[in-house]
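Structural features, examined
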Amino acid sequence: MPISGATVKILRMDSTFIKGDTSKDDGSFALQIPKNNQAKMIISFVGFSTSEIQLKGIKGNINVGKVFLSEDVKKLGEVVVKARNVINTVDKSIIYPNSIQLKVSNSSLDLLKNLNLPGLYVDAIEQKVNINGSQPVYMINGVTKTLHEVLTVNPHNIARIEYESSASIRYADKNMGGVINIILKQKEDGGSLYGNAFGSPQTGFLNSDIYSSYNWGKSEFSVNYFNDWRDYKHRWTDKDEEFISEKKTIDRNFVGVNSPFGYLTQGVYLNYSYQPNNNTMFNAIFKNDFGNQHTSINGNITEQPDMLPYFRDSKSLFHTYSPSFDLFLKKRFKNNQSLEINIVSTSQNNHYDRNLKDSIAPYTTEINNKIHNLHKSVISEIVYMKSFKKIYFNLGYQNKISYTKNIYTDNSVVERLHQNNNYAYGSMSGSINKFSYNIGTGIKVFSVKNDLDNKVYIKNHSMLSVMYALNDNFNIKLSSFYTPNIPGLSQLSNVTQKYDDILYMKGNPDLKAASTIGSKLYANYEKGNFSSNLTVCLQRQINTLYLDIEPSANNTFISEPRNGVGDNNFNVEYKCSYSGLLNHINLYSTVGYNSFTSEGENFKHHLNNFYWDFTAQVYYGKWTLNGYYVKPKKTLKAQILDLGENNSLISLQYKHQNLSLFAAIKYPFVTNGWQWSQKDLSKVNPNTTSIYIKDNSRMILLGVTYSLDYGKKMRKLNKNLNNVDISTNMLKVQE
């Protein structure tokens, strides 16, 4: 049977790394190495003995023929890689974590952060991950997973990570930032247990995950449970704003008081996989996600020129239940062909209740917003793949049909929305000498219908990437893209809701689709324990979607989404890291510069911003001391200036065999804890909003992780489809 994903490395005779790759679905591989050189080829795969081939006097093309790997019946210990081996291809980077990176990583997110990959931002405590500001596609062994399933992965069970810093044409229509695919050292007969939890004894903060899997013959069974809990008492919002019309200007100052905030999200996932042979794989997963959130925004308000001071008590409750069922089949055929089919059915039942009270004793005014949201969808995808000697083709079709029903009980309005999204795409990749390329394009036909109107969008996605390897240590890559941004169903709603005594909110059925065109230039250099990456990005978004506010009747104002003229962004970012300094220190740093310009019919704004972060790790024996500080990145979109989030941490961890203990101080250098600020540069409603959570000021965190793996190793086909529906298509006036 051919082996897909086997590691192929070319080493000099002194075992220093030259080049590497992984085998394709049919087991084939091709590498270019310097002529007239002596080298050795190492071919390995977890669960099999390693094969070594001596290469001497290389003068031209060499066909090594079929290489046979025999199963290794010995017990496999930890795979130790002494150097940070990274294989860069035109569409992804393949990273083999070294022993130092594994040693200092308490979780899979810690490991991702320690890899210091271009465009990747990770906050392991808050469990936030993004690639260039957008959510990534998560995979384990090619099977689409959620973030919580990634959190249950023991870093020491990771064989390699395949990272895409920008989404391929396959995922372009899902608005994903890139792909993180974790390849594990897998098991055959036996299973694994994993549990981790960390929280604060000072305040309501707890994250926990429990995972268990068992492999029996050709089947694998697994169950995963997680919960995230927050319960803050000292959270408040400050807001200064003006409402400007031709008749009058209202100056409103909101001084927040401590307001309860919290949520509990939970999930139970049941998974079954069946692989009768190396050419067939079937996977079924049943997911249950449920949770609730409560948010209060309370404070004292003064309004000039007419109003007396009054107190506002605004509280929102949100309850959700979302089951889904996912079926996947992959089949390989002769002549390097394969087919993947994926069908996902989802259902959501959401309840939103917001109550606002303004009080001047003895008078009280009250506004209620209640929505019952029902959302159902069926998502399907089929993908055909074909590889030739030097060219790889990928053709696919995606379809999503959904139905949404919103019942607004405060005004007895029922809204029905139907969506049908069709996306056909294709890509081709290959190489010519030191150049490699990937080109892809897709056609999107999106239709949305409500009770009064029907709209159809026909748009194109296109991408082109070219990479040139100057030598073994340095390569450059240029990626260009064009992608549309279709309005969400909630933005297209024609229902109007009252926010307070001044402001109303509604959707806009006449919105146009936005579109983004841009290019990114990457320069990667690696030498020994030092690695660096320079990224230069230039992009423009046309018909930017943004919220606008205009005066309305009776001294009120209305907020609705509109199209701007366009936004421009120029970004330069440099990442570097050095591991093993003095055999006990790792250093990581990022420095970046952003320049934004946004333009609408009656506005034009500019923003220039420097940002940076620095991480230092000191490790000795079973102990690791870690600290980092992040100077936040500011962004400008249309009229919204986001000032970012402050972030800092000092942590200490102890690892002994399968047990890991963790202690940390979050935000150790600030008294107000977490802070986020935003400015709206609108001419009609200029405002500044700041949110503070003092509960996590100098917050102490304690955590424990335990893992147990048992059984033989095995290999498995990969699932590559990513289909999920988490949208509610519901317009909420307050989160």
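Here, every reference points to the structure presented above.
In this report, we go over the structure that sits alongside the text. What you see is a predicted model; the values in this text were computed from it and never measured.

**A word on the pattern of salt bridges**
- For the structure shown, the criterion picks out 23 salt bridges.
- A salt bridge links E162 to R160, with the nearest nitrogen and oxygen atoms 3.2 Å apart.
- Judged by relative accessible area, R160 falls into the buried class, the value being 7%.
- The shortest N-O distance in the salt bridge between E340 and K330 comes to 3.5 Å. A residue pair is termed long-range when its members are at least 10 positions apart, and E340 in strand 21 (residues 337–360) and K330 in strand 20 (residues 310–333) qualify at 10 residues.

**Quick notes on the pairing of strand 35 (residues 585–599)**
- As paired strands, strand 34 (residues 566–581) and strand 35 are joined by 14 bridges and run antiparallel to one another. Directly across from Y578, in strand 35, lies its bridge partner L587.
- Between strand 34 and strand 35, which pair antiparallel one after the other, the connecting turn spans three residues, and L582 there sits at a positive phi close to 55 degrees.
- Both strand 35 and strand 36 (residues 604–620) contribute to a ladder of 15 bridges, which runs antiparallel. Bridge assignment links N586 to a residue of strand 36, and that residue is Q617.
- Counting the residues that bridge the hairpin from strand 35 to strand 36 gives four residues.

**Re the environment of Q419**
- As for its position among the elements, Q419 is in strand 24 (residues 413–432).
- Q419 sits in the buried class, given a relative accessible area of 10%.
- Each residue touching Q419, except ones within four places of it in the same chain, is listed here: K400, I401, S402, F446, S447 and L489.

**Observations regarding empty space enclosed by the protein**
- Counted by the stated rule, this structure contains six cavities of 30 Å³ or more.
- Within this model, the largest cavity holds a volume of roughly 510 Å³.
- Around the largest cavity, the lining comprises 32 residues; the ones closest to its centre are I140, L184, Y211, S213 and E220.
- Elements that contribute at least two residues to the lining of the largest cavity include exactly strand 10 (143–145), strand 13 (186–199), strand 14 (204–216), strand 15 (219–232), strand 18 (261–277), strand 19 (280–304) and strand 44 (699–714).
- For the lining of the largest cavity, the element with the highest residue contribution is strand 13, accounting for five residues.
- Its residues assigned to classes, the lining of the largest cavity comprises 11 nonpolar, 14 polar and seven charged.
- If you add up the space inside the second largest cavity, you get close to 360 Å³.
- Around the second largest cavity, the lining comprises 26 residues; the ones closest to its centre are N106, S107, D110, A124 and F662.
- Among the secondary structure elements, those contributing two or more residues to the lining of the second largest cavity are helix 2 (108–114), strand 13, strand 36, strand 37 (623–631), strand 40 (647–656) and strand 44.
- For the lining of the second largest cavity, the element with the most residues is strand 40, which contributes four residues.
- Per-class residue counts for the lining of the second largest cavity are 11 nonpolar, 13 polar and two charged.

Rules and cut-offs
- Residues numbered from 1 in each chain as written.
- Predicted model: local features only at pLDDT ≥ 70, side-chain atom pairs only at ≥ 80, totals over all residues.
- Heavy atoms only, no water.
- Salt bridge = Lys/Arg side-chain N within 4 Å of Asp/Glu carboxyl O.
- Buried < 20%, exposed > 50% of the residue type's maximum accessible area, 1.4 Å probe, protein only.
- Helix = DSSP H or I, 4+ residues; strand = E, 2+ residues; numbered from the N terminus.
- Pairing = 2+ DSSP bridges.
- Contact = heavy atoms within 4.5 Å.
- 1 Å grid on protein atoms, 1.4 Å probe; cavity = no way out; pocket = protein on both sides within 12 Å on 5 of 7 lines; lining within 4 Å.
- Points joined across faces, edges and corners; volume = space filled by probe spheres on them.
- Nonpolar A, V, L, I, M, F, W, Y, C, P; charged D, E, K, R; others polar.

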